Amino acid sequence: MPRVNRTAVLSLLIVSSSVFLLFQLYYYRKYVSKPGPHILSRTGHLSANDVQWTVKLFLAVAQRFGLPLFLIDTAALTLLSQDALRQRDRLVREPHCSFLCTGRPVTSFALHANLWKYDPGFLLAAEQKGFDLLELRGEDPRLASLDTLSGEAIPLHFLFRLHGYIIQVVFLYERSGNYLWHGALRLKADMDRSFAPFKLLDYGRHAGAYDRPELVLTVLDGLDVRIPHNVSRFLSEQRHAHFLECRYRDARNFLQLYPDDSSPEAVDFRRKVKSLLHLAARTLAHLDIPFWLSSGTCLGWFRQCSIISYSRDVDIGIFIADFRWDIVAAFRDAGLPLKHKFGKVEDSLELSFLSDDVKLDIFFFYEDGDIVWNGGTQAKSGRKFKYEFPRFSLCWAELLELKVRVPCETLDYVTANYGATWSVPVRSWDWKSSPSNVQENGMWPPAEWAELIQVY
């Protein structure tokens, strides 16, 4: 039997081990550490263990630096239920990945911006754990009303990537209307557009506005995670959070051409309008009735980021589908008596309330195919009028330190009502003939006037 050459065998083992190690290193660099939109398991699907581990690792770093992140990922929150929350103790004993493993290569968290103190230590610690960072900044809208923007750009979104999985951190800023705002995610020309699957991100397609959520600490997939207490309400807000910033630059240009009235009467009117609009918003919120700025009030926001001091009233719109019979009583209890009621629920309903000699007009809108319309009534003659608008969706905006809705397609809305010359002030305005979209709509039968034309 031939003798075994131990030296040759040892050399062969060393060479084989080296080749294997080199292959492992090549595989890691080519397939594992390579940036990409997915973490893949051996089966080619998202690895639940890797997702859970990545989120756990990131939250541990955030907790170490005292950053109270809370979960806003829509896919994860949708999986939550009250039953799941009641069973959180069972989830601690039997940790698994039921909520955070959504099949998507991203998890979104939010952070109150006032709790963020730019700490390079946090970013360095995340980098040491293997996370790559894409930091997106933008202008601070709270300074936009000033003549010139000043100060550094503020952080809007942080995207942390580990082995292709994305942790999105959305910065929420407090606005003067006592709501939270986040900015849009806009990539600069020199940024890596392959860094993340941007189309899959829940937040950043546009700016968003939210009420301040109450948070609770719970256990998800064995991890301590803060979530909104009312998950369903937060998800509903997220679906309708689109926020439109006022066009401050255009407003400044407008006011240079047409300086605002600074007389004591105009200042007093603006004060009254602010009080009235805030009161109306609280009253309608209590009734859970959404409304938007309409007519001259909408024009004032869009054109000059304020109200039109010579308009003498406040105009809001409500879809007739949201009408409630107790709306009159609610406004009366809030100190706003009914001034007039025109029309009926089925046709051209309009309500007006009075507060400190300023009128609040509520126009109810009816949907009809590709258009929506509201009606008008001349009390002394019973003549009916109709104002048509192209269909629109609703966005959030801010006016007089109040978060309010406006038509997202604001330019189309304003143009329909005021024509192509909407940017030119018109002090002599006749609601029966001046609007571009007004049309005659018949007359109310005299026998029904007592019911359909009520003036107080």
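Basis of the calculations
Residues numbered from 1 in each chain as written. Predicted model: local features only at pLDDT ≥ 70, side-chain atom pairs only at ≥ 80, totals over all residues. Heavy atoms only, no water. Helix = DSSP H or I, 4+ residues; strand = E, 2+ residues; numbered from the N terminus. Buried < 20%, exposed > 50% of the residue type's maximum accessible area, 1.4 Å probe, protein only. Axes fitted to C-alpha atoms, helices over the stretch in contact; angles between N-to-C directions. Parallel < 35°, antiparallel > 145°, perpendicular 65-115°, else oblique. Left-handed = near helix turned anticlockwise from the far one by under 90°. Contact = heavy atoms within 4.5 Å. Nonpolar A, V, L, I, M, F, W, Y, C, P; charged D, E, K, R; others polar. Arc of directions from axis to C-beta. Disulfide = S-S within 2.5 Å. 1 Å grid on protein atoms, 1.4 Å probe; cavity = no way out; pocket = protein on both sides within 12 Å on 5 of 7 lines; lining within 4 Å. Points joined across faces, edges and corners; volume = space filled by probe spheres on them. Pairing = 2+ DSSP bridges. Salt bridge = Lys/Arg side-chain N within 4 Å of Asp/Glu carboxyl O. Phe/Tyr/Trp six-rings, centres within 6.5 Å; stacked < 30°, edge-to-face > 60°. Lys NZ or Arg CZ within 6 Å of the ring centre and 35° of its normal. Polar contact = N/O pair within 3.5 Å; in protein donor to acceptor, adjacent residues only side chain to side chain.

Enquirer: So, unusual backbone geometry: which residues are in play, and what are the values?
Expert: The backbone phi angle of H163 is positive, close to 55°, even though this residue is not glycine. Examined against the element boundaries, H163 turns out to sit in the loop between strand 4 (154–162) and strand 5 (165–175). On the accessibility criterion, H163 (30% relative accessible area) is partly exposed. In the Ramachandran plot, R312 falls in the positive-phi region, its phi being about 70° despite a non-glycine side chain. Here R312 lies in the loop between helix 10 (295–304) and strand 11 (313–319). Given the relative accessible area of 48%, R312 is considered partly exposed.

Enquirer: Can you explain the packing of helix 2 (residues 48–64) against helix 6 (residues 120–128)? Please cite residues and give values.
Expert: At a closest axis distance of 10 Å, the pairing of helix 2 and helix 6 adopts a crossing angle of 155°. By the angle between their directions, the pair helix 2 and helix 6 is classed as roughly antiparallel. The chirality of how helix 2 crosses helix 6 is right-handed. Of the residues in helix 6, those touching helix 2 at F58, V61, A62 and R64 are F122, A125 and A126. For the contact of helix 2 with helix 6, a count of residues per class yields six nonpolar, no polar and one charged.

Enquirer: Summarise helix 7 (residues 231–239); cite the residues concerned and give the values.
Expert: Three or more residues of helix 7 are buried, namely V231, F234, L235, E237 and Q238. For helix 7, the arc enclosing every buried residue in end-on projection is 160°, short of the 170-degree limit, so these residues lie on one face. Exposed residues lying more than 90 degrees from the buried face of helix 7 are S232 and R239.

Enquirer: Can you tell me about the state of the cysteines, naming the residues and giving the values?
Expert: Under the defined criterion, the tally for this structure stands at three disulfides. The side chain of C97 participates in a disulfide bridge whose partner is C101; the two sulfur atoms lie 1.7 Å from each other. As the torsion about the S-S bond is roughly 90°, the C97-C101 disulfide counts as right-handed. Bridging C246 to C305, the disulfide has an S-S length of 1.8 Å. Handedness here is read from the sign of the S-S torsion; for C246 and C305, about -110°, the answer is left-handed. One end of the pair, C246, is in the loop between helix 7 and helix 8 (248–257); the other, C305, is in the loop between helix 10 and strand 11, and 59 residues separate them in sequence.

Enquirer: So what about empty space enclosed by the protein? Which residues, and what values?
Expert: Taking a probe equal in size to a water molecule and rolling it over the atoms shows the remaining empty space. Summed over all chains, the structure comprises two cavities of 30 Å³ or more. F269, V273, G296, T297, I307, I308, S311, D313 and V314 together form the lining of the largest cavity. Secondary structure elements with two or more residues in the lining of the largest cavity: helix 9 (264–286), helix 10 and strand 11. Residue composition of the lining of the largest cavity, by class: five nonpolar, three polar and one charged. Space inside the second largest cavity adds up to approximately 40 Å³.

Enquirer: Account for helix 10, with residues named and values stated.
Expert: Where burial is concerned, most of helix 10 is hidden: 10 out of the 10 residues are buried. What helix 10 keeps buried is the set S295, G296, T297, C298, L299, G300, W301, F302, R303 and Q304. Positive backbone phi, at 55°, marks C305, one or two positions downstream of helix 10.

Enquirer: Explain the pairing of strand 6 (residues 179–182) to me, using residue names and the numbers behind them.
Expert: Covered by surrounding structure in strand 6 are Y179 and W181 together with L180 and H182, the residues of both alternating faces. In terms of strand pairing, strand 5 meets strand 6 through three bridges, oriented antiparallel. By the bridge assignment, Y173 is partnered in strand 6 with W181. Between strand 5 and strand 6, which pair antiparallel in sequence order, lie three residues; one of them, N178, sits at a positive phi of approximately 60°. Where strand 6 meets strand 7 (residues 208–210), three bridges bridge the pair, whose relative direction is antiparallel. Considered in strand 7, the bridge of W181 is made with A209.

Enquirer: So what about the pattern of salt bridges? Which residues, and what values?
Expert: Summed over all chains, the structure comprises 24 salt bridges. Note that D260 and R270 form a salt bridge whose closest N and O atoms lie 3.5 Å from each other. Within this pair, whereas D260 is found in the loop between helix 8 and helix 9, its partner R270 is found in helix 9, the two being separated by 10 residues in sequence. By relative accessible area, D260 is classed as partly exposed at 33%. For R324, the salt bridge identified is with D326, shortest N-O distance 2.6 Å. According to the relative accessible area criterion, R324 is partly exposed, its value standing at 34%. Relative accessible area serves as the criterion here: at 31%, D326 is assigned to the partly exposed category. One connected set of salt bridges, linked through shared partners, spans D268, R271, K272 and D357.

Enquirer: Before we move on, could you go through the packing of aromatic side chains and cite the residues and values that matter?
Expert: Within the structure shown, the criterion is met by 32 aromatic pairs. Members of the aromatic cluster, joined through ring pairs, are F58, F65, W116, Y118, F122, F131, F158, F160 and F171. The side chain of R175 reaches across the aromatic face of W181, ending 5.5 Å from its centre. One Lys or Arg, K384, reaches over the ring of W444 and ends 4.1 Å from the middle of that ring.

Enquirer: Report on the side chain of S381, specifying residues and quantitative values.
Expert: Turning to its location among the elements, S381 is positioned in the loop between strand 15 (371–377) and strand 16 (383–390). There is a polar contact of 2.5 Å between the side chain of S381 and the side chain of Q378. Excluding its chain neighbours within four sequence positions, the residues that come into contact with S381 are M443 and W449.

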